[in-house]
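Each chain, letter by letter, is given below.
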Amino acid sequence: VKGLMSGHVIAKGPRRNGKTTVMWAFMLWYATFKFDRTIAMAYSKAIKQEHVRAEFDQAFNSLPYWMRPEIHRANRDYVEFGNGVRLMFRLASANAFRGMAISLAVFPDFPSIDKRTQEEMWCAFAPCIGTGGTVLMMHDGSPGDGTIFNSIWDAAGKQNNFVAVEDRWERN
């Protein structure tokens, strides 16, 4: 949580340890208690859009009714809340959110995106990161060498302002 409040988080850990639950909880907190922001979630081809939207619906519907922000508009890849927060779900690509002012960028499984697309997306998101946007990157397991995720992970807290969070399977 400290990392999420201070800016950027890069997290890795074993499957089935609650990373996705924490991600949705933070995104819903952000959408509920912030105003006029844009949340962008870029997911890999391995994750189906219907699955992403179903996870959002399940997380949103688990909120107490009195806490849920009013939904003004929604379709399969976009939700706009009454407080001006917009949540967009897009397949990872260099142009997924180009030209948009992103307040919170979420990459649920960044290393599973092909290397070229990772590089193109990272270049497209760099202005967001430099202007105070928050980034949350997550991964199940150990990323391969040469990926953007691996470079950011290795530099976290030393050469960049990402907070690295690792949960090992031995603790579960």
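You'll find the structure just up there.
Residues numbered from 1 in each chain as written. Predicted model: local features only at pLDDT ≥ 70, side-chain atom pairs only at ≥ 80, totals over all residues. Heavy atoms only, no water.

Some thoughts on the overall build of the protein chain
Logical step 1: Counting secondary structure elements, the protein chain contains 5 helices and 8 strands.
Logical step 2: The N-to-C order of helical and strand elements in the protein chain reads α-β-α-β-α-β-β-β-β-α-β-α-β.
Logical step 3: A total of 172 residues make up the protein chain; the buried ones form 48% of that total.
Logical step 4: Considering only intrachain contacts with a sequence separation of at least 6, the fraction spanning at least 24 residues in the protein chain is 70%.
Logical step 5: Approximately 9400 Å² of the protein chain is accessible, and the part contributed by carbon and sulfur atoms is 52%. (Helix = DSSP H or I, 4+ residues; strand = E, 2+ residues; numbered from the N terminus. Buried < 20%, exposed > 50% of the residue type's maximum accessible area, 1.4 Å probe, protein only. Contact = heavy atoms within 4.5 Å. Areas by Shrake-Rupley, 256 points an atom, 1.4 Å probe, with all protein chains shown as cover.)

Observations regarding the nonpolar core
Logical step 1: Counting residues in hydrophobic clusters, the biggest one holds 25 residues, and the most contacted among them are W24, M27, F56 and F89.
Logical step 2: Residues I10, A42, Y78 and M88 belong to the second largest nonpolar core, which totals 24 residues. (Core = buried A, V, L, I, M, F, W, Y, C linked by side-chain atoms within 4.5 Å.)

Overview of helix α2 (residues 19-33)
Every α-helix carries 3.6 residues per turn, so stepping three or four residues along brings you back to the same face.
Logical step 1: With 15 residues, α2 extends 21 Å between its outermost C-alpha atoms, agreeing within 8% with the 21 Å of an ideal straight helix rising 1.5 Å per residue.
Logical step 2: For α2, every residue scored as buried is listed here: K19, M23, W24, F26, M27, L28, Y30, A31 and T32. (Expected span 1.5 Å × (residues − 1).)

Observations concerning the pattern of salt bridges
Logical step 1: Enumeration over the complete set of coordinates arrives at 3 salt bridges.
Logical step 2: The partner of D57 in a salt bridge is R53, and the shortest N-O contact between them spans 3.1 Å. Here R53 and D57 lie together in helix α3 (residues 49-61), a separation of 4 residues that amounts to about one turn.
Logical step 3: The class for R53 is buried, based on a relative accessible area of 15%. (Salt bridge = Lys/Arg side-chain N within 4 Å of Asp/Glu carboxyl O.)

A look at unusual backbone geometry
Logical step 1: Here the phi dihedral of D36 falls at roughly 50 degrees; this positive angle occurs in a residue that is not glycine.
Logical step 2: Along the chain, D36 turns up in the loop between α2 and β2 (38-43).
Logical step 3: On the basis of relative accessibility, which here comes to 58%, the residue D36 falls in the exposed class.

Fair warning: the whole summary comes from geometry, so function is off the table for now.
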